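Chain by chain, the residues run as shown.
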Amino acid sequence: MHKNDAIYVAGHNGLVGSAIVRRLKGEGFQNIVTCTRQACDLTNQASVNTWFDKQTIDYVFLAAAKVGGIHANDTYRAEFIYDNLAIQTNVIHAAYQHKAKGLLFLGSSCIYPRDCPQPMREEHLLTAPLEPTNEPYAIAKIAGLKMIEAYNAQYNTQYVSLMPTNLYGINDNFDLNTSHVIPALIRKIHRARSTGSPSVQVWGTGKPQREFLLVDDLAEACVFCMQHQHKYDLINVGSGEEVTIAKLAEIIAKVVGYQGKIEFDPTMPDGTPRKLLDTSRIRSLGWRPKTSLFQGISATYAWYLDHLDEKVA
Ligand code: GFB
């Protein structure tokens with residue numbers, strides 16, 4: 001990518017898209033193209049094609065998606081499969097038709113089987129059944145990465161799919177019904193401390209293990225993979241750091257300065273027991289994560305405190 005190439009970041013207001021825009025700007029890229037939902041509805045093929053007709057786009061980072069935590073995935077199952085299939089199909093095909101030189105599609109580690117051998121390698125894709133709570137989302141993402149693979153094979157494009165582990169960071173969604181676990185626990189534990197509540201409710205048993213990556217580290221990996229020659233259609237991106245949800249709640253309580261009790265609510269789903277990614281591929285290309293979980297959560301909490309008015313804590 002040259003510094004004045006036109007780089008379209010789809011989903012620039014979201015957790016991942018906004019981090020990619022920050023990263024590109026930080027690296028001196030000057031021609032970053034974004035577009036509002038009003039100007040282009042990515043779920044509408046005609047709208048996407050009309051928008052692409054008016055642009056010259058060299059590279060696409062496809063970070064637009066309908067995303068959410070375990071409860072949102074399990075509740076809005078139809079929206080998760082329809083919106084994601086539509087967005088990714090429309091954008092990937094329009095980018096191909098408009099001769100974009102590069103495209104990076106973002107998936108998720110939930111594409112791998114529920115009871116996958118750990119750590120999960122790219123070769124484990126489609127070897128066993130998925131986790132039921134997020135199957136519609138995972139099926140959509142698998143369709144997207146298979147589309148990338150098929151376009152590379154038939155049309156000789158050099159697109160790539162990145163599979164990030166569970167992400168968190170600034171600009172995350174802190175809505176307790178739809179968010180992922182880190183923003184949810186930051187909000188719940190902050191509120192418990194502020195109101196002097198003696199305990200906090202954490203969903204599930206606290207036993208599942210998760211690997212978390214700060215979104216700024218992911219954004220660096222995205223820009224890195226778009227710029228480096230490699231032979232892969234699919235690349236995992238993770239931190240290599242795995243914690244139980246119970247341990248995560250303790251870390252967040254420490255960052256927030258909360259000394260009350262952490263209680264578990266086993267009526268809420270645990271989801272997949274473990275999902276640690278094998279990141280040998282991206283490490284062999286020369287990329288490494290930079291931020292520890294404690295540092296990342298501290299930075300995210302600092303940002304949350306600065307934006308409390310908007311988050312209605
Ligand atoms: O972050 P989370 O929703 O994503 O949940 P998943 C992770 C774990 O944290 C689960 C527990 O075991 C939850 O039960 N947890 C505890 C909580 N307290 C809370 C809480 O207050 N809110 C939330 N949200 N969780 C999603 C998938 O699964 O991960 C998506 O549904 C996607 O498809 C995403 O892959 C990265 O890791 O369970």
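This text goes with the structure placed above it.
Residues numbered from 1 in each chain as written. Predicted model: local features only at pLDDT ≥ 70, side-chain atom pairs only at ≥ 80, totals over all residues. Heavy atoms only, no water.

**Considering the overall build of the protein chain**
Piece 1. Regarding its fold elements, the protein chain presents 11 helices and 11 strands.
Piece 2. Computed over C-alpha atoms, the radius of gyration of the protein chain comes to 19 Å, within 12% of the 20 Å expected from 2.2 N^0.38 for 313 residues, which places it in the range of a compact globule.
Piece 3. Once the C-alpha set of the protein chain is aligned to its principal axes, its extents read approximately 60 × 45 × 40 Å.
Piece 4. Residue burial in the protein chain is summarised as follows: out of 313 residues, 52% are buried.
Piece 5. Looking at the protein chain alone, contacts between residues at least 24 apart form 81% of all its contacts between residues at least 6 apart.
Piece 6. Per element, the accessible surface of the protein chain, about 13,900 Å² overall, is 49% carbon and sulfur. (Helix = DSSP H or I, 4+ residues; strand = E, 2+ residues; numbered from the N terminus. Rg over C-alpha atoms; globule rule 2.2 N^0.38 Å. Buried < 20%, exposed > 50% of the residue type's maximum accessible area, 1.4 Å probe, protein only. Contact = heavy atoms within 4.5 Å. Areas by Shrake-Rupley, 256 points an atom, 1.4 Å probe, with all protein chains shown as cover.)

**Details of the side chain of Asn-166**
Piece 1. Among the structural elements, Asn-166 can be located in strand β6 (residues 166-168).
Piece 2. Not counting chain neighbours up to four residues away, the residues in contact with Asn-166 comprise Ser-109, Arg-210, Glu-211, Phe-212, Leu-213 and Lys-275.

**Here's the deal with the packing of helix α6 (residues 181-195) against helix α10 (residues 293-306)**
Piece 1. Two elements in contact, α6 and α10, have axes separated by 11 Å at closest approach and are oriented at 60°. Taken as axis vectors, α6 and α10 run oblique relative to one another. Regarding α6 and α10, the two cross each other, and that crossing is right-handed. Facing α6, whose interface residues are Ile-182, Ile-186, Arg-187, His-190 and Arg-193, α10 presents Leu-293, Ile-297, Thr-300, Tyr-301, Tyr-304 and Leu-305. (Axes fitted to C-alpha atoms, helices over the stretch in contact; angles between N-to-C directions. Parallel < 35°, antiparallel > 145°, perpendicular 65-115°, else oblique. Left-handed = near helix turned anticlockwise from the far one by under 90°.)

**Considerations on the pattern of salt bridges**
Piece 1. Under the defined criterion, the tally for this structure stands at 16 salt bridges.
Piece 2. Measuring nitrogen to oxygen at the nearest pair gives 2.6 Å for the salt bridge that ties Arg-114 to Glu-131. Linking Arg-114 in the loop between β4 (102-106) and α5 (135-155) with Glu-131 in the loop between β4 and α5, this pair joins segments that are 17 residues apart in sequence.
Piece 3. Arg-114 gets classed as partly exposed once you look at its relative accessible area, which sits at 29%. (Salt bridge = Lys/Arg side-chain N within 4 Å of Asp/Glu carboxyl O.)

**So, the sheet that holds strand β10 (residues 242-244)**
Piece 1. One open sheet holds the three strands; their spatial order is β6-β8-β10, and the pairing between them is mixed. The open sheet is flanked by β6 and β10, the only strands paired with a single partner. The mean angle between the axes of side-by-side strands here comes to 50°, regardless of whether they run parallel or antiparallel.
Piece 2. Of the strand pairs in this sheet, β6 and strand β8 (residues 209-214) are connected by three bridges, and their pairing is parallel. Bridging across to β8, Tyr-168 finds its partner in Leu-214. (Pairing = 2+ DSSP bridges.)

**Some details on the site of the ligand**
Piece 1. Ile-70, Lys-188, Arg-210, Pro-269 and Asp-270 are the nearest of the 22 residues found near the ligand.
Piece 2. One of the side-chain N or O atoms of Ser-108 is found 2.9 Å from an oxygen atom in the ligand.
Piece 3. The backbone of Ser-179 places a nitrogen or oxygen atom 2.9 Å from a nitrogen atom of the ligand.
Piece 4. In the complex, the protein chains occlude 97% of the 700 Å² of accessible area that the ligand would expose alone.
Piece 5. Elements represented by at least two residues in the shell around the ligand include exactly α3 (70-75), α6 and β7 (199-203).
Piece 6. It is α6 that contributes the most residues to the shell around the ligand, three residues altogether. (Near = heavy atom within 4 Å. Polar contact = N/O pair within 3.5 Å; in protein donor to acceptor, adjacent residues only side chain to side chain.)

**Quick look at the sheet that holds β4**
Piece 1. Strand order in this open sheet of six strands is β2-β1-β3-β4-β5-β9, and the pairing throughout is parallel. The open sheet is flanked by β2 (32-33) and β9 (234-237), the only strands paired with a single partner.
Piece 2. Here strand β1 (residues 7-10) pairs with β2 via two bridges, running parallel. Within β2, the position partnered with Ile-7 by the bridge is Ile-32.
Piece 3. The sheet strands contacting helix α4 (residues 77-97) are β3 (59-62) and β4, and the helix crosses β3 at an angle near 170°.

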